[in-house]
Amino acid sequence: MEKYTFKDFKSDQEVRWCPGCGDHAVLAALQRAMPRVSEILGYDKERYVVVSGIGCSSRLPYYMDTYGFHSIHGRATAISTGIKVANPELSVWQACGDGDALAIGGNHFIHAIRRNIDINIILFNNRIYGLTKGQYSPTSKFGAITKTSPYGTVEHPFNPGSLVLGAKGTFFARGLDTELKLNEEIMVAAAVHNGTSVMEMLTNCVIFNNGTHAEISDKAWRADRTIVLRHGEKMIFGKDRDKGLVLDGLRLKVVTIGEKGITEDDILTHDAHSDNIGIHMMLADMKYPEYPVALGVIRDVPDITYDAAVRMQVEQVSAKSKIHCVDDLLRSGSTWEVR
Amino acid sequence: MQHKVIDTKDVVIRFAGDSGDGMQLTGSLFADMSAIYGNELSTFPDYPAEIRAPHGTLSGVSGFQVHIGSEHITTPGDLCDLLVAMNPAALKTNAKWLKRTAMVLVDGDTFDEEGLKKAGFRDDPIAEMHIEDRTVIVAPITTLTEESLKDSGLDVKSVHKCKNMFTLGMACFIYSRPLEYIYQYLERKFGKKHPEMVAPNKKVLTDGYNYAANIQAIPNTYTVEPAHLPKGLYRNMTGNQATAWGFLAASEKSGRPLFCGSYPITPATAILEELAIHKSLGVKTLQAEDEIAGICTAIGAAYAGDLAVTTTSGPGLSLKSEALGLAVMTELPIVIVDVQRAGPSTGIPTKTEQSDLNQVLYGRNGECPIAVVAAHSPAHCFDTAFYASKLALEHMMPVIMLSEGFLGNGSEPWRIPSMKDYPEIRPPFAGEEDIPFKPFRRDPHTMVRKWGLPGQKGYEHRVGGLEKNHDGVLSSDPANHEMMVRERAEKVARLADVIPPLEVIGNGSGRLLVVGWGGTYGHLYTAVMQARAEGKDVGYAHFDYINPLPKNTAEVFGRYERILVCELNCGQFAGYLRTVLPQFTYQQYNKVQGQPFLVQEISDAIDSAL
């Protein structure tokens, strides 16, 4: 197998996102993650297929020097599913937006997760329709003022993490456009995971929704308002690494280490591999200002994948069946001879 | 009474009853038994959308018509020689299908006050239906079945489920059918899981047969000799089964694994069900979350290198429209099956029609022509699916295969072919010479692009719904767009170079050419042959290829004074012909009742067109 660098995954196409768009950083993380994935899993470059739907982020396949499919609005997940079932050897990656995956493509999204097909979905969440120039999306905050909600939306947003875990997803992670290293780490973990891996990337749209994630992403307070979860590590955060999460009855609670007798030992340890979906749901649901917003791999549990199950069934049925070619089939069952 | 055994060329039998009475099974068994006996035959299941409509009501009547003969049979028959009516509602809805000479067999036990009321009869159903001149046999079938099974230990519900076997036994006596085949069937069906049901069913069947022989109410019995079919191994095929098997055959001949992404929809679902059985041939079936996912998973599978199909009916095809455009734009090989039903919207889901033609020809955004082929009989669905796949795979394009409820559910005996008689399918895979791979460079003769498969080194490329140039690079250049639009259309048009020419049945030129397409073949063929036997100057051309039309179409049309286009819609093919070949005048004969043509209707249309 060849050894790759990020340059091997850059296509010759000019990247046409707006300057300052959060998508640039996610693309860079993916181009850096793929050589690492190749190293770990032994994938040649021709095994990668990048699929997308419609929207700003869905331009991504053109910028990757891999096999790529820029499909139609909302349908990327169905196209990815077909590709993976047809050839499970392929490493299928998908770029889609919050409108693309959760509004028009919501049905395919939840059913892919339910089936646990082994694809890697990067969900760019900028809480706005960018390519159509600024309408509210299924993740826009209640009351958001946009071109189609001049007096504020009267709709509640989806939290993608709750949706994924509600569909019994086996992998959910959250990244932030400015966290290049973390995003790369998440992507590698997603590739290693067998099953549907959903990576929510909080991205900024400089033109139509500038600063939508600023209350947590701004460098001045990012460390205090987000928590990076890593399996086996304590749930500690804050500029001074003095805050942590504990369970208070059936709820999570933010505590300060050193206050009220709290020590590091009292802080929860993140178990991404636990089959207890409840704690993962609580972590995915944490919102500022009550909680820090969780980043990193929140859930990563093993389960049978759809593509593997399909393949296994074909093998099992073939082993038992007497029908191995169409001539066998044509002559099977009830027939009669005319002499 | 003097009992005669009459030898006849053909008979039509219609089994009708409540949708829970097992009429579809009874009809199929009669058909299968007759096929094995050596008759030619055609079947027509005519059932309601309700799985179990309220008992005894008109809306719950399920029918199955079977036409058997010692000569060539091409239709399920217009009118029937025997109507089996398991209740008053079945008599009411089906009496209109009786020949003047027909026999009617009814279960007298169901003709009580309540039964008559539910069917809307006052007191004398025979008089109210004006069928006093037919031979009506009133047999207490329910009571006789109960009597037959009184020592069986079965509960009342199970006993009543055997009524159809009593009826079938009576029909077997009337048409001199041996019971052995049905015995064997019952053993196969119940032998393993419900061995206790084998003996009771056999007993009721035999008792029905003997009852018919003993009552002396049946004036004549009939024999229908085996037909002189070409030698060979035969089986009975429904159109949906044949469609599924045609795809399996294409998969084998192309070496491409078969993928089917479909959403359940009447009357197409049986294709997905059939494919799901045959995993031993490597087929991957995905029951999608919706119609759109059905076609999109197929498009994904095609991109990855499979022979990919999706199966649906009219409303489902509407949902797939945008993705059809994507398949055209990305130039990927998929086959879309539309088993048409009565529309628009939900329409009459279980009834047949040919009214999706405009949708398949025109129902997409942009300049988006798609190749369209149509099956003309249940068994012909096998070849249609095979050759639709061949066109798709060798020409890198979506192909729509039109079937109809009438074909999908109908069945006919089929002489089993050998796969060695079918051609190889050779997709245009990209080779070493195509590196660096430019996905939309075309063969100058066929306009076909090459297929570069993910997983293979050196062919990395991007496809998608946006307009591109030959190199696969996005382009909104005006001249490039027009060139690509015209090239995609030209690729479809040039299929005319590889599809078979239009053939004429009957007179090669003359007064009138009857034109049809799809599942009306049997009726049109029979009507034209009858007209010719009566000395009328008629020819018949049937289109299996709709877009493009066979190359010689204009030349054939030019040899006739008049052209009569017959179809089960308001004139969609006629309208298409007017667009494509405007130099001719087209007369129309149309019917949109959710029912197939009657031969008589076509005969009348021929007479008035001559």
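Just so we're clear, the structure is a prediction, and the values are computed from it rather than from any experiment.

Draft legend 1. Just the overall build of chain A, in detail. A tally of helices and strands in chain A yields eleven helices and twelve strands. By principal-axis analysis of the C-alpha atoms, chain A measures approximately 95 × 45 × 45 Å. Looking at chain A residue by residue over its 339 residues, the buried ones come to 57%. Restricting to contacts in chain A with at least 6 residues of sequence separation, those with at least 24 account for 66%. Accessible area for chain A stands at about 14500 Å²; split by element, carbon and sulfur atoms hold 52% of it. Between the averaged position of the 38 positive side-chain charges in chain A and that of its 41 negative side-chain charges there is a distance of 3 Å.

Draft legend 2. Layout of the overall build of chain B. Summing up its helical and strand segments, chain B has 21 helices and 23 strands in all. Computed over C-alpha atoms, the radius of gyration of chain B comes to 26 Å, within 12% of the 25 Å expected from 2.2 N^0.38 for 610 residues, which places it in the range of a compact globule. Its C-alpha atoms put chain B at 85 × 60 × 45 Å along the principal axes. A burial count over chain B gives 62% of its 610 residues as buried. On chain B, roughly 22600 Å² of surface is accessible, and the fraction owed to carbon and sulfur atoms is 52%.

Draft legend 3. Helix α13 (residues 314-330) of chain B, seen in detail. Residues and elements named next belong to chain B. The end-to-end C-alpha distance of α13 is 24 Å, a good match for the 24 Å that 17 residues give at a rise of 1.5 Å each. Its maximal kink placed at Ser321, α13 deviates by approximately 55°. Of all 17 residues in α13, 13 are buried; the element is thus mostly enclosed. Once α13 ends, the next one or two residues include Glu331, with phi positive near 55°.

Draft legend 4. Geometry of the domain arrangement of chain B. All names here are of chain B. On domain assignment, one finds that chain B holds domain 1 (4-223), domain 2 (236-421) and domain 3 (504-609). A separation of 26 Å is found between the C-alpha centroids of domain 2 and domain 3. In this complex, domain 2 contributes 27 residues to the contact, which on the side of domain 3 involves 21 residues. A buried area of about 2000 Å², summed over both sides, lies between domain 2 and domain 3, and 59% of it is on carbon and sulfur atoms. Area buried by domain 2 at its contact with domain 3 is led by Gln354, Leu357 and His376, which between them contribute 31% of it. There are zero salt bridges connecting domain 2 and domain 3. Counting across the domain 2 and domain 3 interface gives 13 residue pairs in polar contact (both at pLDDT 80 or more). Those elements giving two or more residues to the side of domain 2 that touches domain 3 turn out to be α14 (357-362), β14 (371-374), α15 (380-395), β15 (399-404) and α16 (405-409).

Draft legend 5. Looking closely at the interface of chain A and chain B. In this complex, chain A contributes 56 residues to the contact, which on the side of chain B involves 68 residues. Between chain A and chain B, the buried area comes to about 5100 Å², and carbon and sulfur atoms account for 63% of it. Of all residues in chain A, Tyr67, Leu330 and Trp336 of chain A give up the largest surface area on contact with chain B, accounting jointly for 17% of the area buried on that side. At the surface where chain A touches chain B, the tally comes to two salt bridges. Where chain A packs against chain B, one counts 27 residue pairs in polar contact (both at pLDDT 80 or more). Of all the secondary-structure elements, those providing two or more residues to the side of chain A that touches chain B are β2 (67-70), α2 (76-86), α4 (106-115), α10 (306-320), α11 (326-330) and β12 (336-338) of chain A. Top element by residues in the side of chain A that touches chain B is α2 of chain A. It accounts for seven residues.

Draft legend 6. Quick look at the sheet that holds strand β4 (residues 61-69) of chain B. Residue and element names in this part refer to chain B. As summarised here, the arrangement of the six strands in space is β3-β4-β2-β5-β6-β7, forming an open sheet in which the pairing is mixed. Two strands in the sheet have a free side with no partner beyond their single neighbour: β3 (40-46) and β7 (135-139). Put simply, the sheet's adjacent strands are angled 15° from each other on average, direction ignored.

Draft legend 7. Focus on the environment of Pro344 of chain B. As for its position among the elements, Pro344 of chain B is in the loop between β13 (334-340) and α14. Remark: the alpha-carbon pair of Pro344 of chain B and Gly314 of chain B, spanning 30 residues in sequence, is separated by 8.2 Å.

Draft legend 8. Local environment of the nonpolar core. Counting residues in each nonpolar core, the largest one holds 165 residues, and the members touching the most others are Phe109 of chain A together with Ile299, Ile546, Phe557 and Phe573 of chain B. A per-element tally of this core places helix α12 (residues 291-303) of chain B first, with nine residues. The two domains that each donate at least three residues to this core are domain 2 (236-421) and domain 3 (504-609) of chain B. When neighbours within four sequence positions are excluded, Phe109 of chain A is seen to be in contact with Thr77, Ala101, Leu102, Ile121, Leu123, Leu163, Val164 and Val198 of chain A. In terms of nonpolar packing, the next biggest core, distinct from the first, is built from 53 residues, Phe30, Ile174, Leu186 and Tyr222 of chain B among them.

Draft legend 9. The packing of aromatic side chains, seen in detail. All told, the structure shown has 28 aromatic pairs over all chains when counted by the stated rule. Between Trp336 of chain A and Tyr234 of chain B, the aromatic rings sit 6.1 Å apart at their centres with planes inclined by 20°, giving stacked as the arrangement. You can see Trp336 of chain A sitting in strand β12 and its partner Tyr234 of chain B sitting in strand β9 (residues 232-238), one on each of two chains. Across the pair, Tyr234 of chain B and Trp336 of chain A agree in class, each one buried. Where Phe557 of chain B meets Phe584 of chain B, the ring centres are 5.6 Å apart and the plane angle is 85°; that geometry is what we call edge-to-face. Of this pair, Phe557 of chain B sits in helix α19 (residues 553-557) while Phe584 of chain B sits in the loop between α20 (572-580) and β23 (586-590), and the two are 27 residues apart along the sequence.

Draft legend 10. Expanded view of the sheet that holds β9 of chain B. Taking strand neighbours across the sheet as the criterion, the three strands line up as β12(A)-β9(B)-β16(B) in an open arrangement whose pairing is antiparallel. Unpaired on one side and paired on the other, β12 of chain A together with β16 (411-415) of chain B mark the two borders of the sheet. Taking each pair of neighbouring strands and ignoring which way they run, the sheet shows an average axis angle of 40°. Pairing of β9 of chain B with β16 of chain B involves five bridges; the strand directions are antiparallel. When the bridges of β16 of chain B are listed, Met237 of chain B appears paired with Glu412 of chain B.

Draft legend 11. The pairing of strand β9 (residues 243-248) of chain A, seen in detail. Residue and element names in this part refer to chain A. Of the pairings in the sheet, the one linking strand β8 (residues 236-237) to β9 comprises two bridges and is antiparallel in character. Among the inter-strand pairings, Ile236 is bridged to a residue of β9, identified as Gly244. Between β8 and β9, which pair antiparallel and follow one another directly, the connecting turn spans five residues, one of which, Gly238, has a positive phi of 105°. Where β9 meets strand β10 (residues 251-256), six bridges bridge the pair, whose relative direction is antiparallel. The partner of Gly244 across the bridge, within β10, is Val255. Hairpin connection, β9 to β10: the antiparallel pair is bridged by two residues, and Gly249 has positive phi, about 65°.

Draft legend 12. Spatial organisation of the confidence of the model for chain B. Across chain B, pLDDT averages 95, with 100% of residues at or above 70. Among the scores for the predicted complex, ipTM is 0.98 and pTM is 0.95.

Draft legend 13. Region of interest: the side chain of Thr312 of chain B. With respect to the helices, strands and loops of the structure, Thr312 of chain B is situated in strand β12 (residues 307-312). Thr312 of chain B has contacts with Ile265, Ala268, Glu291, Leu317, Lys320, Val337, Asp338 and Val339 of chain B, leaving out every residue within four places of it along the chain.

Draft legend 14. Region of the structure containing the packing of helix α10 (residues 239-254) of chain B against helix α11 (residues 269-277) of chain B. Residue and element names in this part refer to chain B. α11 packs onto α10 with a crossing angle of 50° between their chain directions and a minimal axis gap of 8 Å. When the axis of α10 is compared with that of α11, the two are oblique. Crossing of α10 against α11: the hand is right-handed. Taking contact as the criterion, the partners of Asn240, Gln241, Thr243, Ala244, Trp245 and Leu248 in α10 are, on α11, Ala270, Ile271, Glu274 and Leu275. Per-class residue counts for the contact of α10 with α11 are six nonpolar, three polar and one charged.

Calculation notes
- Every chain's residues receive numbers from 1 upward, in the order its sequence appears when written.
- Think of it this way: whatever chain is written first is A, whatever ligand is written first is 1, and the rest follow in order.
- Reporting in this predicted model follows two pLDDT cut-offs: at least 70 for local features of residues, and 80 or more for side-chain atom pairs to be given and counted; totals over whole chains, interfaces and linings ignore these cut-offs and use all residues.
- To obtain the side-chain values, all non-hydrogen atoms of the structure were used and water was disregarded.
- Each helix corresponds to a stretch of at least 4 residues labelled H or I by DSSP, and each strand to a stretch of at least 2 residues labelled E; elements are numbered beginning at the N terminus.
- For every residue, the accessible area (1.4 Å probe, protein chains only) is compared with the maximum for its type, and the residue is labelled buried under 20%, exposed over 50%, or partly exposed between those bounds.
- Residue contacts are counted whenever heavy atoms from the two residues lie within 4.5 Å of one another.
- Here the Shrake-Rupley method, with its probe set to 1.4 Å, supplies the accessible areas, and only the displayed protein chains count as covering residues.
- When charges are counted, Lys and Arg contribute as positive and Asp and Glu as negative, whereas His and the chain ends are disregarded.
- Charge positions come from single atoms, namely NZ of Lys, CZ of Arg, CG of Asp or CD of Glu.
- Just to be clear, the radius of gyration here is over C-alpha atoms, and the globule rule we use is 2.2 Å times residues to the power 0.38.
- A helix is expected to reach a length of 1.5 Å times the quantity of its residues less one.
- Note that the bend at a residue is defined as the angle between axes fitted to the seven residues ending at it and the seven residues starting at it.
- Note that the domain bounds reflect an automated or database-derived domain assignment.
- The term buried area means the drop in 1.4 Å probe accessible area that two parts suffer when joined, counted for both and summed.
- Between Lys or Arg on one side and Asp or Glu on the other, a salt bridge is scored when a side-chain nitrogen of the former is within 4 Å of a carboxyl oxygen of the latter.
- Within 3.5 Å is the distance limit for a polar contact, defined as a pair of N or O atoms, with the added protein rule that one can donate a hydrogen and the other accept it, and that residues adjacent in sequence qualify only through two side-chain atoms.
- For two strands to count as paired, DSSP must find a minimum of two bridges between them.
- Every axis in this analysis is a line fitted to C-alpha atoms, fitted for helices over the stretch in contact. Angles between the N-to-C directions lie between 0 and 180 degrees.
- Among the buried residues, those of types Ala, Val, Leu, Ile, Met, Phe, Trp, Tyr and Cys that are joined through side-chain atoms within 4.5 Å form a nonpolar core.
- Stacked, edge-to-face and tilted are the three classes for Phe, Tyr and Trp ring pairs, Trp counted by its six-membered ring, which pair at centre distances within 6.5 Å; planes under 30 degrees apart are stacked, over 60 edge-to-face, the rest tilted.
- Per-residue confidence from the prediction method is given by pLDDT, with values spanning 0 to 100.
- By definition in this entry, angles of less than 35 degrees are roughly parallel, angles greater than 145 are roughly antiparallel, angles of 65 to 115 are roughly perpendicular, and the rest are oblique.
- Should the near helix be turned counterclockwise from the far one by less than a right angle, the crossing is left-handed, whereas a clockwise turn marks it as right-handed.
- Three categories are distinguished: nonpolar for Ala, Val, Leu, Ile, Met, Phe, Trp, Tyr, Cys and Pro, charged for Asp, Glu, Lys and Arg, and polar for the others, with Gly belonging to the last.

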